[in-house]
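Each chain, letter by letter, is given below.
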Amino acid sequence: MQKGKIIKEVQSYIKKEFGGDSTGHDWWHIFRVWKMAKEIAKKEGGDLFVIELGALLHDIADWKFNDDEKAGSKKAKPLLEKLGVDQETVKHVCGIIDNVSFKGANVENGIKTLEGKVVQDADRLDAMGAIGLARAFAYGAKANRELYNPKIKPMLNRSLKNYKKAYFSTTINHFYEKLLLIKDRLNTKTAKKIAQPRHKFLENYLDEFFKEWNVEIRK
Ligand code: ADP
Ligand code: NI
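Since this is a predicted model, take the numbers as computed values, not measurements.

Caption draft 1: Spotlight on the overall build of the protein. Summing up its helical and strand segments, the protein has 10 helices and 0 strands in all. Helices (α) and strands (β) of the protein occur, in sequence order from the N terminus, as α-α-α-α-α-α-α-α-α-α. Contacts in the protein between residues at least 24 apart in sequence constitute 68% of all its contacts with a sequence separation of at least 6. Total accessible area on the protein stands at roughly 11700 Å², and carbon and sulfur atoms take up 54% of it.

Caption draft 2: Representation of the coordination of the nickel ion (ligand 2) within the structure. The nickel ion (ligand 2) binds to the protein through His29 (NE2), His58 (NE2), Asp59 (OD) and Asp123 (OD), with metal-donor distances spanning 2.1 to 2.2 Å. When the donor residues of the nickel ion (ligand 2) are listed from N- to C-terminus, their spacing reads H-x28-H-D-x63-D. Of the two residues, His29 is situated in helix α2 (residues 27–44) and His58 in the loop between α3 (48–57) and α4 (71–82); the sequence distance between them amounts to 29 residues. Judged by relative accessible area, which is 2%, His58 ranks as buried.

Caption draft 3: Inspection of the nonpolar core at higher detail. Membership of the largest hydrophobic core comes to 53 residues, with the highest contact counts inside it found for Val10, Leu53, Leu57, Leu80, Val85, Leu125 and Phe175. Residue contributions to this core peak at 8 residues, all from α2.

Caption draft 4: View of the side chain of Thr171. On the secondary structure map, Thr171 appears in helix α9 (residues 171–177). Note on Thr171: relative accessible area 3%, which makes it buried. Among residues more than four places away in sequence, those in contact with Thr171 are Ala136, Phe137, Gly140, Arg145, Glu146 and Leu147.

Caption draft 5: Quick peek at the environment of Lys70. By the element assignment, Lys70 lies in the loop between α3 and α4. In the structure, Lys70 is positioned 29 residues away from Asn99 in sequence and 9.1 Å away in space, judged by C-alpha atoms.

Caption draft 6: How the structure looks around the packing of aromatic side chains. Within this structure, the stated rule accounts for 13 aromatic pairs. Plain terms: the ring middles of Trp27 and Phe31 are 6.0 Å apart, the flat faces sit at 50 degrees to each other, and that makes the pair tilted. Taken together, the residues Trp27 and Phe31, both in helix α2 and 4 residues apart, mark about one turn of the helix. Here Trp28 and Phe31 contribute two aromatic rings whose centre-to-centre distance is 5.3 Å and whose plane-to-plane angle is 80 degrees, an arrangement assigned as edge-to-face. Taken together, the residues Trp28 and Phe31, both in helix α2 and 3 residues apart, mark about one turn of the helix. Within the aromatic cluster, the residues linked to one another by ring pairs are Phe137, Tyr148, Phe175, Tyr205, Phe209, Phe210 and Trp213.

Caption draft 7: Geometry of the environment of Ile172. Along the chain, the position of Ile172 falls in helix α9. Put simply, Ile172 and Gly140 are 32 residues apart on the chain and 9.2 Å apart in space, counted from C-alpha to C-alpha. The residues touching Ile172, leaving out its near neighbours within four places in the chain, are Phe137, Leu147, Tyr148, Tyr205, Leu206, Phe209 and Phe210.

Caption draft 8: Representation of the pattern of salt bridges in the model. On inspection of all chains with the given rule, the structure shows 8 salt bridges. Where Glu17 meets Lys75, a salt bridge forms, and the shortest distance between an N and an O atom there is 2.7 Å. Of this pair, Glu17 sits in helix α1 (residues 3–18) while Lys75 is found in helix α4, placing the two residues 58 residues apart along the sequence. Glu17 gets classed as partly exposed once you look at its relative accessible area, which sits at 37%. Among the salt bridges present, the one from Lys183 reaches Asp184, with a minimum N-O distance of 3.3 Å. Here the salt bridges share partners, and the residues they tie into one network are Arg32, Asp126 and Arg135.

Definitions and limits used
- Residues numbered from 1 in each chain as written.
- Chains lettered and ligands numbered in written order.
- Predicted model: local features only at pLDDT ≥ 70, side-chain atom pairs only at ≥ 80, totals over all residues.
- Heavy atoms only, no water.
- Helix = DSSP H or I, 4+ residues; strand = E, 2+ residues; numbered from the N terminus.
- Contact = heavy atoms within 4.5 Å.
- Areas by Shrake-Rupley, 256 points an atom, 1.4 Å probe, with all protein chains shown as cover.
- Donors = N, O, S within 2.8 Å, 3.2 Å for Na, K, Ca; no water.
- Buried < 20%, exposed > 50% of the residue type's maximum accessible area, 1.4 Å probe, protein only.
- Core = buried A, V, L, I, M, F, W, Y, C linked by side-chain atoms within 4.5 Å.
- Phe/Tyr/Trp six-rings, centres within 6.5 Å; stacked < 30°, edge-to-face > 60°.
- Salt bridge = Lys/Arg side-chain N within 4 Å of Asp/Glu carboxyl O.

Structure (structure tokens):
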């Protein structure tokens with residue numbers, strides 16, 4: 001099968017699969033990551049076929065809800081093989097899927113190839129800025145988290161196990177545990193530039209949040 005046709009097939013599979021999700025992993029998240037990955041690739045290069053497949057499939061099985069860290073590649077491999085994708089590409093894309101996620105402030109990044117770095121950056125950029133903020137609150141509500149609680153402090157040195165089980169924390173804490181850390185964890189120069197205003201937006205938002213929390217009346 002021709003590459004363009006394969007991308008189309010994967011796109012419609014994922015669109016069906018992610019249709020009604022409300023945890024921040026809906027089809028439109030995948031769509032934005034796909035679009036952003038192509039944008040970053042224009043500047044950074046990399047094999048576009050691998051990048052597009054990686055972006056479309058990167059959340060195929062969410063590791064947070066799965067004890068098996070290879071659940072994603074196990075689901076993606078038969079799909080890619082059925083579409084006639086060559087073994088080398090299948091292996092590369094599966095490697096990206098299993099390593100793309102942020103797994104806690106202290107957990108090392110398993111992404112090694114340029115294509116993986118581009119997909120990971122695109123995914124991480126979508127957790128920043130106005131959209132990242134909206135996704136965090138959507139996720140927080142779904143996980144029954146409080147918006148904020150001054151008695152619960154952010155935990156920066158979480159192990160992977162703790163990060164997964166962090167449901168007692170608050171959504172505002174997630175800003176400190178992940179969202180504000182992203183800008184220094186991006187792989188490519190292009191993504192770092194795109195991240196700047198998104199980071200600033202999050203900082204300004206927190207500033208405003210705490211002013212209101214502390215009932216600072218402005219003139
Ligand atoms: P990604 O798709 O970027 O790998 P995740 O699967 O970690 O992201 O999470 C999906 C979305 O939910 C992201 O925007 C992320 O910031 C947000 N999120 C993840 N964990 C939490 C949490 N504990 N509290 C609030 N938001 C969260
Ligand atoms: Ni994602």
